[in-house]
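This is what each chain is made of:
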Amino acid sequence: MKKYLVPLLAVVILALLGGVAYLSVNLSEQKQVNEDMQELARLDKQEMENEYERFTLQYSEMKTKINNDSIIAQLTEEQMKTQKLLEELKQTKANDAREITRLKKELATVRAVLRDYVIQIDSLNRQNERLRAENTHVKEELAQRNTQIAGLSSEKASLSEKVAIAAQLDATNIQLLALKKNNKPVKKIKDCKTMQVSFTITRNVTAANGNRTVYVRIQNPGGNTLNGGGTFAYENRNLQYTMKKSIEYTGEETSSTLYWPVTQMLEAGDYRVSIFVDGNMIGSRTFSFN
């Protein structure tokens, strides 16, 4: 093998190894996000099961508070319906969206019926101390279920936050050019007639597809924003933007370029470019001009 081919072969091997490493990290991140979303669905189903079980226990509790055979029979019938729905839910897979949606609607109906019986039974005012004592065990089980549901809700909220963070966009390859009238780069910033900002939004299969409004903010060496005449919401306040543009994001890598006509004298120093989408700052970079 000729000597000049050895360095070239080494560069190719290193590039291939780097590509393999990048793909491995990217696949690992996507796998983790998918696992988080599956775990979120499982927790949602478990939370529904706990609610069905809690409602079944509440029917048992209410039957101990009254001496009306007719109402007790009605409560027993509703309790059996609730138990049947619980068994259907337990046999349903967490990723069966259609069936989970149906059982969620049934759960809302069970909740409404149960609320009506609570009002009706309370109006009868047939409680006494002896029956409360007999019902202590059921109340303790209900308290345990409520504690479990509270824990699941907290875990579910944590996973939801992870998924939301994974769906945030990211801007790379941010560039700021100061151009003359002929669109050539200037040597002195005072000669600038147009500022050009370009960037690339990276691929993110977790993010929702659709139209996005991109806000670009350029700050001069004094920290003031080169004003484009509008504001946008960011962290409970409104910030001025220099430029904005609507793009269609499909989850794949998306490049974009914006132009700002200079309307004021620019001074030498550092200029900071910040890019915002969906209320998040997705990229920022500082450039120096003489």
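Before reading further, recall that the structure is shown in the block above.
Notes on the structure in this doc start here. (Residues numbered from 1 in each chain as written. Predicted model: local features only at pLDDT ≥ 70, side-chain atom pairs only at ≥ 80, totals over all residues. Heavy atoms only, no water.)

### A look at the overall build of the protein
And then number 1: Along the protein, the regular secondary structure elements total five helices and nine strands.
And then number 2: Split into buried and exposed, the 290 residues of the protein put 35% on the buried side.
And then number 3: Taking as baseline every contact in the protein between residues at least 6 positions apart, the subset at least 24 positions apart corresponds to 70%. (Helix = DSSP H or I, 4+ residues; strand = E, 2+ residues; numbered from the N terminus. Buried < 20%, exposed > 50% of the residue type's maximum accessible area, 1.4 Å probe, protein only. Contact = heavy atoms within 4.5 Å.)

### Section: the pattern of salt bridges
And then number 1: Taken as a whole, this structure holds 13 salt bridges when the rule is applied.
And then number 2: Between glutamate 88 and arginine 102 there is a salt bridge, with the nearest N and O atoms lying 2.8 Å from each other. On the criterion of sequence distance, the pair formed by glutamate 88 in helix α2 (residues 69-90) and arginine 102 in helix α3 (residues 97-124) is long-range, its members being 14 residues apart.
And then number 3: The exposure class of glutamate 88 is partly exposed, given its relative accessible area of 22%.
And then number 4: Between glutamate 106 and arginine 102 there is a salt bridge, with the nearest N and O atoms lying 4.0 Å from each other. (Salt bridge = Lys/Arg side-chain N within 4 Å of Asp/Glu carboxyl O.)

### Notes on the side chain of glutamate 51
And then number 1: Within the fold, glutamate 51 resides in helix α1 (residues 5-63).
And then number 2: For glutamate 51, the contacting residues outside a window of four places in its chain are Leu107, Arg111 and Ile149.

### Points about the nonpolar core
And then number 1: One finds Met195, Val216 and Ile218 to be the most contacted residues of the largest nonpolar core, which totals 30 residues.
And then number 2: When near neighbours in sequence (up to four residues on either side) are disregarded, methionine 195 contacts Leu176, Leu177, Ile189, Ile218, Leu226, Leu258, Tyr259, Trp260, Val262, Leu266 and Tyr271.
And then number 3: In terms of nonpolar packing, the next biggest core, distinct from the first, is built from 18 residues, Ile66, Ile71, Leu114 and Tyr117 among them. (Core = buried A, V, L, I, M, F, W, Y, C linked by side-chain atoms within 4.5 Å.)

### Some words on a nonpolar patch on the surface
And then number 1: Side chains of Leu9, Ile13, Leu14 and Leu17 sit close together on the surface and give an oily, nonpolar patch of about 400 Å² of accessible area.
And then number 2: In this structure, isoleucine 13 sits in helix α1. (Patch = residues over 30% accessible without salt bridge, like charges linked within 9 Å, V, L, I, M, F, W, Y side chains within 5 Å. Areas by Shrake-Rupley, 256 points an atom, 1.4 Å probe, with all protein chains shown as cover.)

### Quick look at the sheet that holds strand β3 (residues 210-219)
And then number 1: Strands sit in the order β6-β3-β8-β9 across an open sheet of four strands; the sheet is antiparallel. Pairing within the sheet leaves two strands with one partner each, and these edge strands are β6 (243-249) and β9 (280-289). When the angles between neighbouring strand axes are averaged without regard to direction, this sheet yields 20°.
And then number 2: As judged from the five bridges shared by β3 and strand β8 (residues 269-277), these two strands associate in the antiparallel manner. Looking at β8, one finds that glutamine 219 is bridged to arginine 272. (Pairing = 2+ DSSP bridges. Axes fitted to C-alpha atoms, helices over the stretch in contact; angles between N-to-C directions.)

### Focus on the environment of threonine 286
And then number 1: Along the chain, the position of threonine 286 falls in strand β9.
And then number 2: Take threonine 286: its relative accessible area is 40%, and that puts it in the partly exposed class.
And then number 3: On a C-alpha basis, the gap between threonine 286 and glutamine 175 in space is 9.3 Å, while along the polypeptide they are 111 residues apart.
And then number 4: Those residues in contact with threonine 286 that lie beyond four places of it in its chain are Asp270, Tyr271 and Arg272.
And then number 5: Here arginine 272 takes part through its side chain, which lies 3.2 Å from a polar atom of the side chain of threonine 286. (Polar contact = N/O pair within 3.5 Å; in protein donor to acceptor, adjacent residues only side chain to side chain.)

These results come straight from atomic positions and should not be treated as a statement about function.
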